[in-house]
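Each chain is listed here by its residues.
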Amino acid sequence: FVRLDASNSFSIERAKVCFLKGLLIFMASYGTIFGLLTCFDAPHYPVLLVIFLLVFSFSLAFLHYNKILFNLLYPLFFLLFAYSIFKYRTYVNVGYQSFLNIIYNSYSSYFDLSTTREINSVISTTEMTITMAMIFLGFFLCILLNIAISTYMNFFFLILLTFPFLQIGLYIGNVPDIICYFFLFGCYITVGILGKAGHFTFPTSKKENQFFSKKKKKKM
């Protein structure tokens, strides 16, 4: 048997797959969180939200690059996040309460209710607290999206994870920013195509890169 030249791009192909999945996770997570915020005109820092969701999305996607990386860094990633949420728990709690207050007041106004919901907080920077709350919500969403996209490339699971958030605002006629539709529908279409075609898995079989040809020896 004589071995023919094999392709050397196995690791590069895995990196490309991880990058594509990270991009899809970011598009879905940012489109959802940004859409939810813009439905209610909630004050926040958009640049900060983009940066953190980018880091979360691509970090989670590239954890699937190989099993060693996944087993070592996945628990560390969660520990770091748990420490962060414990350290900034006051900001996160105030942010969630502030955003729920905005939603409650919007629904009260829509249904012409006389009740209002107010919170007392020692933190006056509403933009920062809501941004931090949405960052941590985005992290949990990215984890679920990572399963839906990186593992299964499941279109219906993706819809189930993202669209209900927008429905909170759409139910009372609050339409999100058009940018959110660009990100979400772009992700929906791509996931639908890749999931149907099946071209989203890693090239795991080494035999695919090895080719052999058989030569008969000449009789002397």
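Our subject is the structure that appears above.
Because the structure is a prediction, the values reported are computed rather than measured.

(A) Up close: the packing of aromatic side chains. Evaluation of the coordinates by the stated rule reveals 25 aromatic pairs. Relative to tyrosine 30, the ring of phenylalanine 26 has its centre 5.6 Å away and its plane inclined at 15 degrees; by these criteria the two rings are stacked. With phenylalanine 26 and tyrosine 30 both in helix H1 (residues 10–39) and 4 residues apart, the pair spans about one turn of that helix. In this structure phenylalanine 26 comes out as buried when scored by relative accessible area, which is 7%. Taking 6.5 Å as the distance between ring centres and 90 degrees as the angle between the ring planes, the aromatic pair formed by phenylalanine 56 and phenylalanine 77 counts as edge-to-face. Here phenylalanine 56, found in helix H2 (residues 46–62), pairs with phenylalanine 77, found in helix H3 (residues 67–87); they are 21 residues apart in sequence, far enough to count as distant. Among the aromatic residues, ring-to-ring pairing joins Phe52, Phe56, Phe70, Tyr74, Phe77, Phe78, Phe81, Phe136, Phe139 and Phe140 into one connected group. Here the basic side chain of arginine 14 rests over the ring of tyrosine 65, its NZ or CZ set 5.7 Å away from the ring centre. Directly above the ring of phenylalanine 86 sits arginine 89, whose terminal nitrogen or CZ lies 4.3 Å from the centroid.

(B) Examining the layout of surface pockets more closely. Roughly 270 Å³ of internal volume is contained in the largest pocket. Taken together, 14 residues form the lining of the largest pocket, with Phe52, Phe56, Ser84, Ile135 and Phe136 sitting closest to its centre. Counting residues per element, the ones that place at least two in the lining of the largest pocket are H2, H3 and helix H5 (126–152). Among the elements that take part in the lining of the largest pocket, H5 stands out by supplying 5 residues, more than any other. Here the lining of the largest pocket is composed, by residue class, of 13 nonpolar, 1 polar and no charged.

(C) Spatial organisation of the packing of helix H6 (residues 155–170) against helix H7 (residues 178–197). One can describe the packing of H6 onto H7 by two numbers: an axis separation of 10 Å at closest approach and a directional angle of 160 degrees. On the basis of their axis angle, the class for H6 and H7 is roughly antiparallel. Considering the relative orientation of H6 and H7, their crossing is left-handed. Contacts between H6 and H7 involve Phe155, Leu158, Ile159, Thr162, Phe163, Leu166 and Leu170 on the former and, on the latter, Cys180, Tyr181, Leu184, Cys187, Tyr188, Val191 and Gly192.

(D) Fine view of unusual backbone geometry. Of note, the phi angle at aspartate 112 is positive, near 55 degrees, even though the residue is not glycine. Relative to the assigned elements, aspartate 112 resides in the loop between helix H4 (89–110) and H5. One non-glycine residue, methionine 153, adopts positive backbone phi at about 50 degrees. Mapped onto the fold, methionine 153 is located in the loop between H5 and H6. The exposure class assigned to methionine 153 is buried, which follows from its relative accessible area of 4%.

Rules behind the numbers
For every chain, the first residue of the written sequence is number 1, and numbering continues from 1 along that sequence. Only residues with pLDDT of 70 or above have their local features reported here, since the model is predicted, and side-chain atom pairs are shown and tallied only from 80 upward, although totals for entire chains, interfaces and linings are computed over all residues. Think of the side-chain values as coming from all heavy atoms in the structure, minus any hydrogens and water. What counts as a ring pair is set by centres within 6.5 Å for rings of Phe, Tyr and Trp (its six-membered ring), and what kind of pair is set by the plane angle: stacked under 30 degrees, edge-to-face over 60, tilted for all other angles. Numbering goes from the N terminus for both helices and strands, where a helix is a DSSP run of H or I of at least four residues and a strand is a run of E of at least two. Residue burial is assigned from relative accessible area. The probe radius is 1.4 Å, only protein chains are included, and a residue is buried under 20% of its type maximum, exposed over 50%, and partly exposed in between. Consider the ring centre and the ring normal. A charge sits over the ring if Lys NZ or Arg CZ is within 6 Å of that centre and within 35 degrees of that normal. Method remark: on a 1 Å grid restricted to protein atoms, a set of points is classed as a cavity if a 1.4 Å probe fits but cannot get out and as a pocket if it is open with protein on both sides within 12 Å along at least five of seven lines; lining residues have an atom within 4 Å of a point. Grid points are joined across faces, edges and corners, and a volume is the space filled by probe spheres set on the points. Under the convention adopted here, Pro, Cys and the residues Ala, Val, Leu, Ile, Met, Phe, Trp and Tyr are nonpolar, Asp, Glu, Lys and Arg are charged, and Gly plus all remaining residues are polar. For every element, the axis is a line fit to its C-alpha atoms; helices are fit only across the contacting stretch, and the angle between N-to-C directions ranges from 0 to 180 degrees. Convention used here: angles under 35 degrees read as roughly parallel, angles over 145 as roughly antiparallel, angles from 65 to 115 as roughly perpendicular, and any remaining angle as oblique. By definition, turning the near helix anticlockwise from the far helix through less than a right angle yields a left-handed crossing, and turning it clockwise yields a right-handed one. Any two residues whose heavy atoms approach within 4.5 Å at even a single point are treated as in contact.

Remember, this is a structural readout, not a statement about activity or role.
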